[in-house]
Amino acid sequence: MVDINAISIGLQSIKTALDITKELRGVDSLLKDAEVKLKLANLVEALSDAKIHLSEAKVENQELKERILELESKLQSKQEVEFREGFYYAKNAETGAASGPFCALCYSDSNKLILVSELPVGMRDFGNFRCPKCGTVKS
Ligand SMILES: [Zn+2]
């Protein structure tokens, strides 16, 4: 992977190029051709450096964007859920993992799957399940 410093180096090269341009603007006609040529050569070098490093940064940026899309897609498929009778259920729970029911409020609020617990029979006045995180009781 490309070094993230490519952007910094590219920007530094642009600054150098701008400094040289300012010097060239300030050159009076008494300055010898050789000095102007030297400054122009330095200018071209600085701009070339900037181009190379910013191109590397562009490639790296593209790679990172692709990686983000890939991870977002993985995350999406991992948390694929369906809503049934007031609770969410995991469509493709991993082996050994609970498939629900999960608290609808917590999933809506923070996109987290919080497994609700079944209340003891004597405590079901307001519902059969209670979310351990937000305390919602629901049937
Ligand atoms: Zn909850």
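Look above for the structure.
Parameters and conventions
Residue positions are counted from 1 within each chain, in the order its sequence is given. Predicted model: local features are reported for residues with pLDDT of at least 70 only, side-chain atom pairs are reported and counted for 80 or more only, and whole-chain, interface and lining totals are derived from all residues. Values shown for side chains rest on all heavy atoms present in the structure; no hydrogens or waters enter the calculation. The numbering of helices and of strands both runs from the N terminus, where a helix is a DSSP run of H or I of at least 4 residues and a strand a run of E of at least 2. When accessible area is computed with a 1.4 Å probe and restricted to protein chains, residues below 20% of their type maximum are described as buried, those above 50% as exposed, and intermediate ones as partly exposed. Only buried residues count toward a nonpolar core. Its members are Ala, Val, Leu, Ile, Met, Phe, Trp, Tyr and Cys residues joined through side-chain atoms within 4.5 Å. In what follows, a contact means two residues having at least one pair of non-hydrogen atoms within 4.5 Å. A pair is scored as a salt bridge if a Lys or Arg side-chain nitrogen falls within 4 Å of a carboxyl oxygen belonging to Asp or Glu.

Caption draft 1: Looking closely at unusual backbone geometry. Cis geometry marks the peptide bond from Gly 100 to Pro 101, where omega comes out at 0°. By the element assignment, Pro 101 lies in the loop between β2 (87-90) and β3 (102-103). The phi torsion at Glu 85 lies on the positive side, around 45°, for a residue other than glycine. We classify Glu 85 as exposed; its relative accessible area is 74%. In the Ramachandran plot, Asn 111 falls in the positive-phi region, its phi being about 60° despite a non-glycine side chain.

Caption draft 2: Looking closely at the nonpolar core. Listed in full, the eight residues of the largest apolar core are Phe 87, Tyr 89, Cys 103, Cys 106, Ile 114, Val 116, Phe 129 and Cys 131. Once residues within four sequence positions are removed from consideration, Ile 114 is found in contact with Pro 101, Phe 102, Cys 103, Cys 106, Cys 131, Pro 132 and Lys 133. One finds Val 81, Ala 90, Phe 102 and Tyr 107 within the second-largest nonpolar core, a separate group that totals six residues.

Caption draft 3: Region of the structure containing the pattern of salt bridges. All told, the structure shown has six salt bridges when counted by the stated rule. Note that Lys 39 is salt-bridged to Glu 23, the shortest N-O span being 2.7 Å. Of this pair, Lys 39 sits in helix α2 (residues 33-78) while Glu 23 sits in helix α1 (residues 6-26), and the two are 16 residues apart along the sequence. A salt bridge links Arg 124 to Glu 118; the nearest nitrogen and oxygen atoms lie 3.0 Å apart.

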